[in-house]
Amino acid sequence: MNALEVIEVHARYGKHEVLQGVSLRVRAGQWFCLLGPNGVGKSTLLHCLAGRVVPTQGTMRIAEVNLAESAELAKRHLGFACAPDQLPGLLTGRQCLEVYALAKQLPTVDDQVLAMAEALRFTTYLDQFVDTYSLGTRQKLCVLLALLGQPQLIVLDEAFNGLDPRSALTLKQELKRRLHEGAAVLLATHSLDIVEHHADRAALMMGGRIVHEWQEADLAAIRQSGGDFEAAIVAVSEEGREA
Amino acid sequence: MATPISPRAFSILSALRIAVDLVLLVAALTAALLAFGLTNDLPVQILWTAAGGVALGVFAGAAIGSIWPLKREAKRSEESRFVRKARARAMKPSLAGLSHWPIAKAIAWHRPEHSRVLFILAALSVPMGASALLGIAILAVWTLASYLLAIVRAVPVVAREASVWLRPTALPFGSFARSIGIRALLHQACGTALLGSVFVLLGAHVGDVFYFSSLWLGITAMIGIIAIRQSYLSLPSFGRMLFSVLVVLITESRVRGFGLPLAVVVTGFHLRSVRERT
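Let me sum up the structure you'll find in this document. (Residues numbered from 1 in each chain as written. Chains lettered and ligands numbered in written order. Predicted model: local features only at pLDDT ≥ 70, side-chain atom pairs only at ≥ 80, totals over all residues. Heavy atoms only, no water.)

Brief notes about the packing of helix α5 (residues 132–166) of chain B against helix α7 (residues 206–232) of chain B
All names here are of chain B. At a closest axis distance of 8 Å, the pairing of α5 and α7 adopts a crossing angle of 15°. Accordingly, the angle class assigned to the pair α5 and α7 is roughly parallel. Between α5 and α7 lies a crossing of right-handed hand. For the pair formed by α5 and α7, the contact residues are Leu148, Leu149, Val152, Val155, Pro156, Ala159, Arg160 and Ser163 on the first element and Trp216, Thr220, Ile223, Gly224, Ala227, Ile228, Ser231 and Tyr232 on the second. Considering only residue class, the contact of α5 with α7 consists of 11 nonpolar, 4 polar and 1 charged. (Axes fitted to C-alpha atoms, helices over the stretch in contact; angles between N-to-C directions. Helix = DSSP H or I, 4+ residues; strand = E, 2+ residues; numbered from the N terminus. Parallel < 35°, antiparallel > 145°, perpendicular 65-115°, else oblique. Left-handed = near helix turned anticlockwise from the far one by under 90°. Contact = heavy atoms within 4.5 Å. Nonpolar A, V, L, I, M, F, W, Y, C, P; charged D, E, K, R; others polar.)

Pasting the structure below:
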């Protein structure tokens, strides 16, 4: 089953067309990394999935549900980690989790998310206001909110930024566990280490479109040969620029 | 410190900046006091004694304030410093946090570094020779009016921030609007009732107070609903709010008593149209 299907999506901010026909598919159980320099449209694509930007053209399906036609139903399958600066500073971590759980129409706050909060050593911050949190602590809350409700598609934008190594490892393990349970992860990142060690597939975005995709076999080959993914991506980036 | 300024030079600069602020504050208060006293034929000696008292109070208060809050509040950032925390309890899905948010915003805006300006203005607006009761009533009017205006402003700000934060979820408009709007409207209604009571105590006619209170509540509810609706639909709200308020006020100024029903109609229209769009 496709956890995410993006077909020829175009989006613009005013006159500037940021996405110029992006297409990608992420199957259930896959960790998909979206790479690319700043300003090429990675976050815009994620914002389209969250409903913050309305595409001018194209189709997006989350867990086979068309986002434009049944936004409410499609969003029930979506776990989106917002940017840390979009968290409400005057709410406590506990209130954020409660509000998000109700907004996702859950009967309870997941035990798995509470266990994850414990593992990330976040529970001591639960009753403090978000505006007193450090970047790393905010990042943990963003991730916890995204994981609420067993979403079939987990969308993360630079979610490892600001996390300490132990928390980053805990999050990677949790994402792997969710992948085994059938969820899919879409991660926009600059961290090539994650692509090299954890991703099933990856794509490079340049100028508002996907210019190269690495399939599972390609990534496995790079890993087996002990190859340098950084060199591979730089080479593809240069080709993309020249094209 | 990441700049090539020595800590000593930085401390001196900070002290100078604070001292200049304090001197300007004392000078402004003294000038206002002298201007008022001299035009009302008060003895100069009393005025200078009062000015000296003001200066002493400002500098002593600044000295105490520079030590005390740093020790107590070092761990808490500015915005949430005076916001009351919800009682910790077992976690369960709830929109209570969302409904507290506009109130928290209004309280955060009223933290001392902002509201001290309000209190200076309020204190200066108390007429010389007024009774203690009148003085307290005037201070209460300023405080309540400021709080009510802060809530009016907080609803659109919170609606915009909350809509961005909750956009990836499937929260329906009804729940979104209720949770942001109802508690703010309740505070608005209680505050307006209190303010009206103060005006009645000051001698205003009960009928007039009731009429203006109702009109105020109608307009604030209309502003709130427009802001919440527009934010939920990711549309700009300021122009629409301004236009609606102007239309209501112009209608009211032409035909007394028509403003409130018009505000109710505009509110209903916005509630209905969002249901159609979603």
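Topic: the interface of chain A and chain B
Counting residues at the interface gives 39 residues for chain A, matched by 32 residues for chain B. Roughly 3,000 Å² is buried in total at the junction of chain A and chain B, and carbon and sulfur atoms are behind 69% of that figure. Looking only at chain A, the three residues that lose the most surface to chain B are Leu90, Glu98 and Phe129 of chain A, adding up to 22% of its buried area. There are 6 residue pairs in polar contact (both at pLDDT 80 or more) connecting chain A and chain B. Of all the secondary-structure elements, those providing two or more residues to the side of chain A that touches chain B are α2 (71–75), β6 (78–80) and α3 (93–103) of chain A. Looking at the side of chain A that touches chain B, the element that brings in the most residues is α3 of chain A, giving 10 residues. Taken together, the residues that form the side of chain A that touches chain B break down as 22 nonpolar, 8 polar and 9 charged. (Buried area = accessible area lost by both parts, 1.4 Å probe. Polar contact = N/O pair within 3.5 Å; in protein donor to acceptor, adjacent residues only side chain to side chain.)

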